[in-house]
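Per-entry structural report
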Amino acid sequence: MYLPSMFRGEPALGWQLAREESFGLLLFGDEVAPLPWLADEAAGTLRGHAAAGNPAAALDGAAVRVVFSGPHGYVTPRWYAEPRAQVPTWNYVVAQAHGTIRRLSEDATRALLRESCARFEPAEGGYDPSWIDPALHDRLLRAIVGLEVTVERMEVKLKLSQNRAPEDRRRVREGFAAAGAAALAAWMERLAR
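Every chain is numbered on its own, with residues counted from 1 as its sequence reads. Only residues with pLDDT of 70 or above have their local features reported here, since the model is predicted, and side-chain atom pairs are shown and tallied only from 80 upward, although totals for entire chains, interfaces and linings are computed over all residues. By convention in this description, side-chain values take in all heavy atoms of the structure and omit both hydrogens and water.

**Some remarks on the nonpolar core**
In this description, a nonpolar core means a group of buried Ala, Val, Leu, Ile, Met, Phe, Trp, Tyr and Cys residues linked to one another through side-chain atoms lying within 4.5 Å. The buried label applies to any residue whose accessible area, calculated with a 1.4 Å probe on protein chains only, is under 20% of its type's maximum; exposed applies above 50%, and partly exposed to all values in between. Of all hydrophobic cores here, the largest spans 38 residues; its most connected members are Leu26, Trp37, Leu46, Ala56, Val149 and Phe176. Secondary structure is summarised from DSSP: a helix means a run of H or I of at least four residues, a strand means a run of E of at least two, and numbering begins at the N terminus for each. The greatest single-element share of this core, amounting to seven residues, is contributed by strand S6 (residues 144-159). A contact between two residues is defined here by any heavy atoms of the two lying within 4.5 Å. Once you skip the residues sitting within four places of it in the chain, Ala56 turns out to touch Leu26, Phe28, Ala33, Ala50 and Leu147.

**Describing the sheet that holds strand S3 (residues 45-51)**
Spatial ordering of the closed barrel is given by S1-S2-S3-S6-S5-S4, a layout of six strands whose pairing is antiparallel. Sheet twist, expressed as the mean angle between neighbouring strand axes with direction ignored, is 40°. Pairs of strands are assigned from DSSP output, requiring at least two bridges between the strands. Pairing analysis gives four bridges linking strand S2 (residues 31-40) to S3, with the strands arranged antiparallel. Note on S3: the bridge partner recorded for Leu38 is Arg47. Orientation is described by axes fitted as lines to C-alpha atoms, over the contacting stretch for helices, and by angles from 0 to 180 degrees between their N-to-C directions. Sitting on the sheet, helix H2 (residues 106-120) touches S2, S3 and S6, and the angle it makes with S2 is about 75°. In the packing of helix H4 (residues 166-178) onto the sheet, contacts are made with strand S4 (63-75) and strand S5 (89-103), and the angle to S4 comes to roughly 90°.

**Regarding the packing of aromatic side chains**
A pair of Phe, Tyr and Trp rings is counted when the ring centres sit within 6.5 Å of each other, with Trp represented by its six-membered ring. The angle between the planes then sorts it: under 30 degrees is stacked, over 60 is edge-to-face, the rest tilted. On inspection of all chains with the given rule, the structure shows three aromatic pairs. Measuring from centroid to centroid gives 6.2 Å for Tyr74 and Trp90, while their planes differ by 65°, and the two rings are edge-to-face. Of this pair, Tyr74 sits in strand S4 while Trp90 sits in strand S5; the two residues are 16 residues apart in sequence, bridging distant segments of the chain. Classification of Trp90 by relative accessible area gives partly exposed; the value is 40%. Their ring planes at 70° and their centres at 5.3 Å tell us that Tyr127 and Trp131 sit as a pair that is edge-to-face. Exposure remark for Tyr127: the relative accessible area of 31% places this residue in the partly exposed category. Judged by relative accessible area, Trp131 falls into the exposed class, the value being 58%.

As structure tokens, then:
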């Protein structure tokens, strides 16, 4: 990833992005597998699952990358103090986790499914895998493969107008907030502190 030093973010911000935007792209060879992930910074892992027929399900011990794309948006020159001396650009947040993938055991995959439901269900007390008939659950479980990536390096790119004067950065942040891009404005606010 092209990563000029002014746009480089700390690995902890990459883990935060992986938790907030948990749908990441698993990259291996020429393949891309879009999958949901549970990010565990303390353990240094990303856990997810793929359909058994997905080429990702065959990976075990391979070097992979998982890319998480965060909020992004068009920056109009009208937000700058001197708009006629500027050109449009794009602000964004992206993280790329580099690591080694392994297949999870059936028991670990069961646990992953319970944790995933607990994490992603929109309401407390939502769906739990125990709701369905155990025989059906076991049959469906055989149709997926649990995966775990041990993250060895987290690259984070925060292109959030850091190359602009403080006044222009403030104006861009306010422009995003007014345009309904609150998440992008919030990432800019984190950098302003």
